[in-house]
Amino acid sequence: MNQDDDEINLGDLFGVLLNSKRLIIAITLVTLLLGIAKAFLDKPVYKADGLLQAKENSQSLAGLEPLTGLFEGKTPVLAEIELIKSRMILGKTIQSLHLDIAARPKYFPVIGAAIARYFQARNPDGAMSDPLLGQTHYAWGGEAIQVDTLTVPADWEDQELILQAGEQGQFTLIYDDEIILEGEVGKLASKQLENDSRSVAIFVSLLKSRPGTYFTVMRQSENQAITQLKESISIAEKGKGTGILELTVESHSPNSAVRILNEIANIYVQQNVDQKSAESQKTLEFLEKQLPILKGQLDAATASLNEYRTRQGSIDLNLETQNILKVAVELKTQITLLQQKRDELRQKYTESHPTIIAIDKQIARLQSQITSSEKKIEILPETQQVILRLSEDVKVNTELYTTLLNNAQTIRIAKAGTIGNVRIIDYAMLPDKPVKPKKWLIIGIALMLGLILGVATAFIRRSLNRGVEDPNLIEKLLNIPVYATIPHSDSQKILESKLKKNAPANNQLPAILALENKEDIAIESLRSLRTTLHFAFLEARNNIVMITGPSPDIGKSFVSVNLAVVMADAGKKILLIDGDMRKGMIHKTLAVPRENGLSELIFEVIRVEEAIHKIPHANIDFISTGAIPPNPSELLLHERFGTFLESISKEYDLVIIDSPPILAVTDAAIIGRLASATLMVVKAGEHPLRELEQSTKRLMQAGANLKGIVFNDLPQLSSRHGYGYGKYVYQYSYKSGKSNA
């Protein structure tokens, strides 16, 4: 693809945008206004934040750090985050702060809440707004409500109830347009439903409003309340591996955001401490169950030893027997301690756990040593064997009992000193500005979205529009010459706007572009058409030309009027006839009355001289449509119309007839047979090729002499095929006599 092709493609895009600039601007403005409305109508959202520290190991009171290792494991930070989001923590928060009870004023739809916020911002002293628009049931600013208790049947959960304020703190609770109960602020109001065992109860601690104002109250289900709270909180670790958690809560009320965050933090820390204490408590309970058993065994062993000594008298053990006793006591003590540790671990692990298997191996090894020791005892005298076994039982039980008693006391102290492995670093502070909506961001996005939608709509509309924009295509496919290509004129648009706003009076000047701006490029194109018509009429049977088009609103009247003026400027005597006796409006452009025109001439109600309006500023004569007849086609078929044209054409150099569209009615076909030349006005981009083919076919079937096409309202840069006039404007200055490129 060469450079010229690239320029044509850019021209196509620019042409689409230029042709649809009003559509793009309109869509952008609408979208921008919607964005502004959203930015100012959305309820503000406040965010409170706090910091928590989650450490891998818990701490105890000073001096007790070694003890906590007895019953502490590591908890990852991600696990702590999930714990905070758990139903256990959030459920306690909801119950503590009554977050499952929603109570708020009922505002006027869409704009009511924004009006109330504006009033409260202007009146921070808590004044009450007067009702607007005569809507006394709605809240308009300054209202407040606090509901601490709301009990409803299960099928009423997540359903809105209406609370209507009354006089002197009284209120009425309404559900489904039925009064449920009546109550008073500061007192619990309850009522059992009729023909039902269910009841409704409500406690309103605060109610500030005008009598008759509506409030909405709702008891949320536990799942709904937890889901809603979970959506409003976010937790993230600040930095990798720091253990510092940032907890944020978003709410429409800054006070609520602070209360919710602080309550979640407190409940989470307390839960963490309780969980650590629970581990200590389980170990302590196990030891306290073992202590009475060991105490009984110790007492029994001591009593047996004392009884035997009493019967046998005092018996001293030699040094070798004492060593055997010492070894046996140590071995049995170790076995007993290992068995207690094994029983404790069995509460957490199965028999196949590596730790329990290791303990079993240690116990087996000690058992083999005890067996070896017992063989040494068997060779001693019988009296020493008995004394040795009884003394062994006493010392083993004494050692075990003392050890477990010390461990129990140690755990009690450690439990009292446990503070958990999380702590609150920063509590939430009251936010002073909302974080949402971000007004300027919303407005900016709305502006960009509007531009994107406008541009997209322009291209979509262009892709759906199959109208012909290239006059060369008409010549190629219809084999009809294009006599003139008339560019779009901004000056003509201005004239049309003025004409719509102020209908010209009979004594005002005509609103004609050829008179207002002779240098306009559209008028220059009509001068080119004037030259073409001069050669086209060299062999014509008369001097009558009809101007028509396929459909309405394509500019055929504009072409007719301005062509008449341009022809008159060349010294021709011109008669312009408005032949559209259905919707003809040329008389407004020329500032003359409609009455006494063509229809009256055909009916022979008036003479020709009475029907002709002199337009001195344009130097042309004009015949209006006259009174709108009920049957224009039949009227044009009358022989008097043909006779009139034949006689009047002899008095002028050229007679131009502006006719109705050929596809709309048959009037143009009737007039075309009487004219020596017919020009069909085609508006750029408005007509599919099939429509032009049908128009051409109808004119030819009627016997009209279709000389050529006038391609009207070509954009400055056509969006298809790069056809336009934007780069080829050459203007003549009539005042200075110089040309301006």
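The preceding data block contains the structure.
Residues numbered from 1 in each chain as written. Predicted model: local features only at pLDDT ≥ 70, side-chain atom pairs only at ≥ 80, totals over all residues. Heavy atoms only, no water.

Asker: Quick rundown of the sheet that holds strand β5 (residues 170–175)? Include the residues and the values.
Answerer: Each strand in a sheet pairs with another by means of backbone hydrogen bonds, the pair being arranged parallel or else antiparallel. One open sheet holds the five strands; their spatial order is β2-β9-β4-β5-β6, and the pairing between them is antiparallel. Each end of this open sheet is capped by a strand with a single partner; those strands are β2 (101–105) and β6 (178–184). When strand polarity is set aside, the average angle formed by the axes of neighbouring strands in this sheet is 25°. In terms of strand pairing, strand β4 (residues 161–165) meets strand β9 (residues 214–219) through four bridges, oriented antiparallel. In the sheet register, isoleucine 162 faces β9, and the bridge partner there is threonine 216. (Pairing = 2+ DSSP bridges. Helix = DSSP H or I, 4+ residues; strand = E, 2+ residues; numbered from the N terminus. Axes fitted to C-alpha atoms, helices over the stretch in contact; angles between N-to-C directions.)

Asker: Can you tell me about the nonpolar core, naming the residues and giving the values?
Answerer: The nonpolar side chains of a soluble globular protein tend to be buried, and buried together. By size, the foremost hydrophobic cluster in this structure holds 43 residues, and its most contacted members are Ile474, Ile577, Leu598, Ile623 and Phe644. Once residues within four sequence positions are removed from consideration, phenylalanine 644 is found in contact with Ile577, Leu598, Leu601, Val608 and Ile623. (Core = buried A, V, L, I, M, F, W, Y, C linked by side-chain atoms within 4.5 Å. Buried < 20%, exposed > 50% of the residue type's maximum accessible area, 1.4 Å probe, protein only. Contact = heavy atoms within 4.5 Å.)

Asker: Give a detailed account of the environment of aspartate 360, specifying residues and quantitative values.
Answerer: Structurally, aspartate 360 is set in helix α10 (residues 354–378). Once the C-alpha coordinates of aspartate 360 and leucine 338 are considered, the two residues, 22 residues apart in sequence, prove to be 8.4 Å apart. With residues near it in sequence (within four places) discarded, aspartate 360 still touches Arg342 and Glu351. Among the polar contacts listed, one links the side chain of aspartate 360 to the side chain of arginine 342, at a separation of 2.6 Å. (Polar contact = N/O pair within 3.5 Å; in protein donor to acceptor, adjacent residues only side chain to side chain.)

Asker: I'd like a description of the packing of helix α5 (residues 87–97) against helix α7 (residues 222–232), backed by residues and values.
Answerer: Any two packed helices are characterised by how steeply their axes cross, that is the angle between the axes, and by the distance between the axes. The contact between α5 and α7 brings their axes to 10 Å, and the two run at 105°. Viewed along their axes, α5 and α7 adopt a mutual orientation that is roughly perpendicular. Together, Arg87, Leu90, Thr93 and Ile94 of α5 and Ala225, Ile226, Leu229 and Lys230 of α7 make up the contact between the two elements. Each residue belonging to the contact of α5 with α7 can be placed in one class, and the counts come to five nonpolar, one polar and two charged. (Parallel < 35°, antiparallel > 145°, perpendicular 65-115°, else oblique. Nonpolar A, V, L, I, M, F, W, Y, C, P; charged D, E, K, R; others polar.)

Asker: Give me the lowdown on the sheet that holds strand β8 (residues 199–208), citing residues and values where you can.
Answerer: In space, the three strands of this open sheet follow the order β3-β8-β7, with antiparallel pairing throughout. Each end of this open sheet is capped by a strand with a single partner; those strands are β3 (144–151) and β7 (188–192). Neighbour to neighbour, the strand axes of the sheet diverge by 20° on average, direction disregarded. Summarising the sheet, β7 and β8 pair through five bridges and their orientation is antiparallel. The residue bridging leucine 188 from the neighbouring strand is phenylalanine 203, located in β8.

Asker: Just give me the short version of the packing of aromatic side chains, but keep the residues and values in it.
Answerer: The full count for this structure, using the stated rule, is three aromatic pairs. Relative to tyrosine 138, the ring of phenylalanine 108 lies with its centre 5.4 Å away and its plane at 80°, an arrangement referred to as edge-to-face. With a gap of 30 residues between them, phenylalanine 108 in the loop between β2 and α6 (112–122) and tyrosine 138 in the loop between α6 and β3 connect regions that are remote in the sequence. A residue is classified by how much of its surface remains accessible, and phenylalanine 108, at 24% relative accessible area, is partly exposed. Judged by its relative accessible area of 19%, tyrosine 138 is buried. Put simply, the rings of Phe108, Tyr138 and Trp140 touch in pairs and so form one group of aromatic residues. (Phe/Tyr/Trp six-rings, centres within 6.5 Å; stacked < 30°, edge-to-face > 60°.)

Asker: Break down a nonpolar patch on the surface for me, with residues and values.
Answerer: A surface patch of nonpolar side chains, amounting to about 360 Å² of accessible area, comprises Leu441, Ile445, Leu449 and Leu453. If you trace the backbone, leucine 441 turns up in helix α12 (residues 439–464). (Patch = residues over 30% accessible without salt bridge, like charges linked within 9 Å, V, L, I, M, F, W, Y side chains within 5 Å. Areas by Shrake-Rupley, 256 points an atom, 1.4 Å probe, with all protein chains shown as cover. Salt bridge = Lys/Arg side-chain N within 4 Å of Asp/Glu carboxyl O.)

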